[in-house]
Amino acid sequence: MNSLTIAALTFGIIFLSELPDKTALASLVLGTKYRAGYVFAGIAAAFAVQVALALVAGSLLALLPQRWVEGVTGLLFLVGAGMLLWHKEDEDEEGAAKEPANNSFWKVAGTSFVIVAVAEFGDLTQIMTANLAAKYADPLAVGLGSWLALCAVGGIAIVGGQKLLRHVPMKVIVRIAALAMIALAGFSLFKAITG
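Thoughts on the packing of helix 1 (residues 3-18) against helix 7 (residues 124-136)
For step 1, the next point in the chain: Running from N to C, helix 1 and helix 7 cross one another at 160 degrees; their axes reach a closest spacing of 10 Å. Compared by their axis directions, helix 1 and helix 7 come out roughly antiparallel. Both helix 1 and helix 7 take part in a crossing whose hand is right-handed. Across the interface between the two elements, I6, L9, T10, I13, I14, S17 and E18 of helix 1 pack against T125, M128, T129, L132 and Y136 of helix 7.
For step 2, the next point in the chain: Looking at side-chain class alone, the contact of helix 1 with helix 7 contains seven nonpolar, four polar and one charged residues.

A look at the environment of A149
For step 1, the next point in the chain: Here A149 shows up in helix 8 (residues 139-167).
For step 2, the next point in the chain: A residue is classified by how much of its surface remains accessible, and A149, at 0% relative accessible area, is buried.
For step 3, the next point in the chain: C-alpha of A149 to C-alpha of T10: the two residues are 139 residues apart in sequence and 8.0 Å apart in space.

Quick notes on the packing of aromatic side chains
For step 1, the next point in the chain: As enumerated under the stated definition, the model contains three aromatic pairs in all.
For step 2, the next point in the chain: Residues F105 and W106 carry aromatic rings whose centres are separated by 4.9 Å and whose planes lie at 80 degrees to one another, so their mutual orientation is edge-to-face.
For step 3, the next point in the chain: Judged by its relative accessible area of 30%, F105 falls in the partly exposed class.
For step 4, the next point in the chain: Using a relative accessible area of 70% as the deciding quantity, one classes W106 as exposed.
For step 5, the next point in the chain: Following the ring pairs from residue to residue traces out a cluster consisting of Y38, F105 and W106.
For step 6, the next point in the chain: If you follow K135 out to its NZ or CZ, it ends over the ring of Y136, 5.8 Å from the centre.

The rules behind the values
Residues numbered from 1 in each chain as written. Predicted model: local features only at pLDDT ≥ 70, side-chain atom pairs only at ≥ 80, totals over all residues. Heavy atoms only, no water. Axes fitted to C-alpha atoms, helices over the stretch in contact; angles between N-to-C directions. Helix = DSSP H or I, 4+ residues; strand = E, 2+ residues; numbered from the N terminus. Parallel < 35°, antiparallel > 145°, perpendicular 65-115°, else oblique. Left-handed = near helix turned anticlockwise from the far one by under 90°. Contact = heavy atoms within 4.5 Å. Nonpolar A, V, L, I, M, F, W, Y, C, P; charged D, E, K, R; others polar. Buried < 20%, exposed > 50% of the residue type's maximum accessible area, 1.4 Å probe, protein only. Phe/Tyr/Trp six-rings, centres within 6.5 Å; stacked < 30°, edge-to-face > 60°. Lys NZ or Arg CZ within 6 Å of the ring centre and 35° of its normal.

And the structure:
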């Protein structure tokens with residue numbers, strides 16, 4: 001599989017998985033209170049840090065024998081699909097974030113960075129990025145696809161999250177993402193078993 005295909009596949013999976021996530025909601029809330037460009041700068045930087053951490057974890061996972069990598073990533077994709085399907089909304093998390101004292105670029109971007117970096121640490125999309133990095137052994141393509149997907153969801157949430165939800169129910173988005181992960185899990189587990 002070439003790098004462009006891997007980046008596109010990663011983008012699609014991470015994009016769909018991030019849409020129902022609390023980070024999109026936090027971006028939406030921050031975007032309604034502060035200048036959109038400042039918020040986006042902060043969340044894009046946070047996503048870059050989180051993707052870098054996921055790529056390191058994926059590179060370590062890739063050191064295992066290929067059948068083990070396929071088995072582990074298959075199981076983790078199944079866990080990810082389960083997390084999406086049985087996710088409970090945590091409404092208090094976003095409200096607990098401390099707002100910046102003023103609306104300067106550094107205050108707003110810094111606050112946005114901290115909120116998203118904490119919310120994304122160990123999150124489903126970070127785990128999925130690590131899985132994809134281990135599976136495809138092309139960290140640049142996986143990292144770029146993942147970061148662009150996260151930034152796209154953050155940008156959509158900041159600019160027009162409510163409009164999307166008027167046309168596409170969140171349940172549909174969650175189910176599509178879960179089905180994609182189940183398909184990837186099945187493929188990975190098949191390859192692990194058949195070698």
